[in-house]
Amino acid sequence: MSTTTTRGVARPASAKASPARPRRGLRGSSTFNFWLFTSPFLIGLTVFVYVPIGWSLWLSFFEARFTVTPSKFVGFDNYWQMLQDSKFTGSLVTFTVFAVFIVPATWALSLGLALLVNRLRFMKAFFRSVFFLPTACSYVAAALIWKMSMFSGVRFGLMNTILGWFGVENIAWLANPDPPWYWLVIVTLRLWLQAGFYMILFLAALQNIPPELYEAAAIDGAKPGWQTFRYITLPQLRATSTAVILLLVIAAYQAFDEFFNLLAKTTWGRPPLVELYYTALGESQDYGEGSAGAVILTLLILIVTLAQGKFLGFGGGDDK
């Protein structure tokens, strides 16, 4: 072993540190790690989402009764039959009106809750959690609570009990379409279930607004309250508001659980997905027409979403 001398004292030469060898093979490859962690998700997404969507689109051009195997090519006949079905087209019109009411109501309620929670000086985390908790509740469980406890048609229901204090007779909330009291039940249920989630989105956006904007507005003489909300807060929430509205529109047309459990087998107040459920899984079990209806509903949601995105400026550049 070589040595070096310093003032006559022999010392061993320091060994040079050998460079670390790069790991070779699949286990040391970032590509392998990427596919290792993402492949289960991609496989599940392909098997349970993309393949059913593709198969449904394929079935929509065939006659498929009591079987998911296409038997006879019928072209666009299934689409024509669904567009002539008054129940299906009526459900599309009804839920377009439903979306017109539920979307702004949820938007206003979630934004109002976010503004209130954002102004709190103490217990902000508590109230944020309280308003968000209904989001974790099952739609089926919430629908049964609304149906059997809150809006039960008997006098022991909570709403009928409260109305009884003022001398109002019992109301059959879900048993009669005229007057359509069932919409009150469904709208309140929807608001309770989803307002907390969108409140969190608005709350995150409010916390990202620079406080310097409010300070500059105060210096310029803007009054706190409506003026600062209109000219500062609301414009800063434009992107979040657009995303919330688009999500609410899609959710409105995809409503199923609460309607199916609240209205059971009634022929009125059915959303499009419930109509498709009875078309494909009812007595006729016509998977061809059911698939065609699903494609029509998807196209309608796409058109409404793109139209709203264009109107609200979703995806455009920031205002200058």
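Please read all numbers here as calculations on a predicted model, not as lab measurements.

Cut-off values and rules
Residues numbered from 1 in each chain as written. Predicted model: local features only at pLDDT ≥ 70, side-chain atom pairs only at ≥ 80, totals over all residues. Heavy atoms only, no water. Helix = DSSP H or I, 4+ residues; strand = E, 2+ residues; numbered from the N terminus. Buried < 20%, exposed > 50% of the residue type's maximum accessible area, 1.4 Å probe, protein only. Contact = heavy atoms within 4.5 Å. Areas by Shrake-Rupley, 256 points an atom, 1.4 Å probe, with all protein chains shown as cover. Phe/Tyr/Trp six-rings, centres within 6.5 Å; stacked < 30°, edge-to-face > 60°. Core = buried A, V, L, I, M, F, W, Y, C linked by side-chain atoms within 4.5 Å. Patch = residues over 30% accessible without salt bridge, like charges linked within 9 Å, V, L, I, M, F, W, Y side chains within 5 Å. Salt bridge = Lys/Arg side-chain N within 4 Å of Asp/Glu carboxyl O. Arc of directions from axis to C-beta. Axes fitted to C-alpha atoms, helices over the stretch in contact; angles between N-to-C directions. Parallel < 35°, antiparallel > 145°, perpendicular 65-115°, else oblique. Left-handed = near helix turned anticlockwise from the far one by under 90°.

### Examining the overall build of the protein chain
Here is step 1 of the chain: Helix and strand counts for the protein chain come out as 13 helices and 4 strands.
Here is step 2 of the chain: Out of the 320 residues in the protein chain, the part that is buried amounts to 32%.
Here is step 3 of the chain: Across the protein chain, the fraction of contacts at a sequence separation of at least 24, relative to all contacts at a separation of at least 6, is 64%.
Here is step 4 of the chain: Total accessible area computed for the protein chain in this model is approximately 20,700 Å², and 66% of it derives from carbon and sulfur atoms.

### Concerning the environment of leucine 113
Here is step 1 of the chain: Of note, leucine 113 is situated in helix H3 (residues 86-119).
Here is step 2 of the chain: Spatially, the C-alpha atom of leucine 113 lies 9.0 Å from that of arginine 128, the residues being 15 residues apart in sequence.
Here is step 3 of the chain: Setting aside residues up to four positions removed in sequence, leucine 113 forms contacts with Phe131, Ala195 and Met199.

### Re the packing of aromatic side chains
Here is step 1 of the chain: By the definition in use, this model includes 25 aromatic pairs.
Here is step 2 of the chain: Taken together, a centroid distance of 5.2 Å and an interplanar angle of 80 degrees make the contact between phenylalanine 126 and phenylalanine 127 edge-to-face.
Here is step 3 of the chain: Overall, the relative accessible area of 46% leaves phenylalanine 126 in the partly exposed class.
Here is step 4 of the chain: Linked through ring pairs, Phe95, Phe98, Tyr182, Trp183 and Phe259 together constitute an aromatic cluster.

### Topic: the nonpolar core
Here is step 1 of the chain: Counting residues in each nonpolar core, the largest one holds 54 residues, and the members touching the most others are Phe98, Phe259, Leu262 and Leu263.
Here is step 2 of the chain: Secondary structure elements with two or more residues in this core: helix H2 (77-84), H3, helix H5 (139-150), helix H7 (182-207), helix H10 (238-253), helix H11 (257-263) and helix H13 (287-312).
Here is step 3 of the chain: For this core, the element with the highest residue contribution is H7, accounting for 14 residues.
Here is step 4 of the chain: Beyond its immediate sequence surroundings of up to four residues, leucine 263 is in contact with Leu174, Tyr182, Ile186, Trp268 and Gly269.

### A closer look at a nonpolar patch on the surface
Here is step 1 of the chain: A cluster of nonpolar side chains, contributed by Ile43, Val47, Phe48, Val49, Tyr50 and Ile53, occupies part of the molecular surface with about 630 Å² of accessible area.
Here is step 2 of the chain: Within the secondary structure, tyrosine 50 sits in helix H1 (residues 30-59).

### A few points about the environment of asparagine 78
Here is step 1 of the chain: Turning to its location among the elements, asparagine 78 is positioned in helix H2.
Here is step 2 of the chain: Distance from asparagine 78 to phenylalanine 62, taken between C-alpha atoms, is 7.8 Å for residues 16 residues apart in sequence.
Here is step 3 of the chain: Once residues lying within four places of it in the same chain are set aside, the contact partners of asparagine 78 are Leu59, Ser60, Phe61, Phe62, Gly288, Glu289 and Ala292.

### Overview of unusual backbone geometry
Here is step 1 of the chain: That bond from aspartate 178 to proline 179 is cis: its omega, 0 degrees, falls within 30 degrees of zero.
Here is step 2 of the chain: Here proline 179 is to be found in the loop between helix H6 (158-165) and H7.
Here is step 3 of the chain: Of note in the backbone geometry, methionine 123 takes a positive phi value of approximately 55 degrees without being a glycine.
Here is step 4 of the chain: In this structure, methionine 123 sits in the loop between H3 and helix H4 (124-132).

### Some details on H2
Here is step 1 of the chain: Looking only at H2, the buried set comprises Asn78, Tyr79 and Met82. Looking down the long axis of H2, one finds its buried residues gathered within 100 degrees of arc, a one-sided arrangement.
Here is step 2 of the chain: Elements that come into contact with the buried residues of H2 comprise H1, strand S3 (62-63), H3, helix H12 (272-281) and H13.

### With respect to the packing of H3 against H4
Here is step 1 of the chain: Between H3 and H4, whose axes approach to 9 Å, the crossing angle comes to 160 degrees. In terms of axis orientation, H3 runs roughly antiparallel to H4. As for how H3 packs across H4, the hand of that crossing is right-handed. Touching Leu113, Val117 and Asn118 of H3 are Lys124, Arg128 and Phe131, all from H4.

### Section: the pattern of salt bridges
Here is step 1 of the chain: Taken as a whole and judged by the stated rule, the model has 2 salt bridges.
Here is step 2 of the chain: The closest approach of N and O atoms between arginine 65 and aspartate 286, which form a salt bridge, is 3.3 Å. Taken together, the residues span a long stretch of sequence, with arginine 65 in the loop between S3 and strand S4 (72-73) and aspartate 286 in the loop between H12 and H13 at a distance of 221 residues.
Here is step 3 of the chain: By relative accessible area, which is 41% here, arginine 65 ends up partly exposed.
Here is step 4 of the chain: In this structure aspartate 286 comes out as buried when scored by relative accessible area, which is 4%.
Here is step 5 of the chain: One salt bridge connects glutamate 258 with arginine 190, and the closest N-O pair in it is separated by 2.5 Å. Note that glutamate 258 is positioned in helix H11 and arginine 190 in helix H7, a separation of 68 residues in sequence.
Here is step 6 of the chain: Assessed through its relative accessible area of 1%, glutamate 258 is described here as buried.
Here is step 7 of the chain: Using a relative accessible area of 5% as the deciding quantity, one classes arginine 190 as buried.

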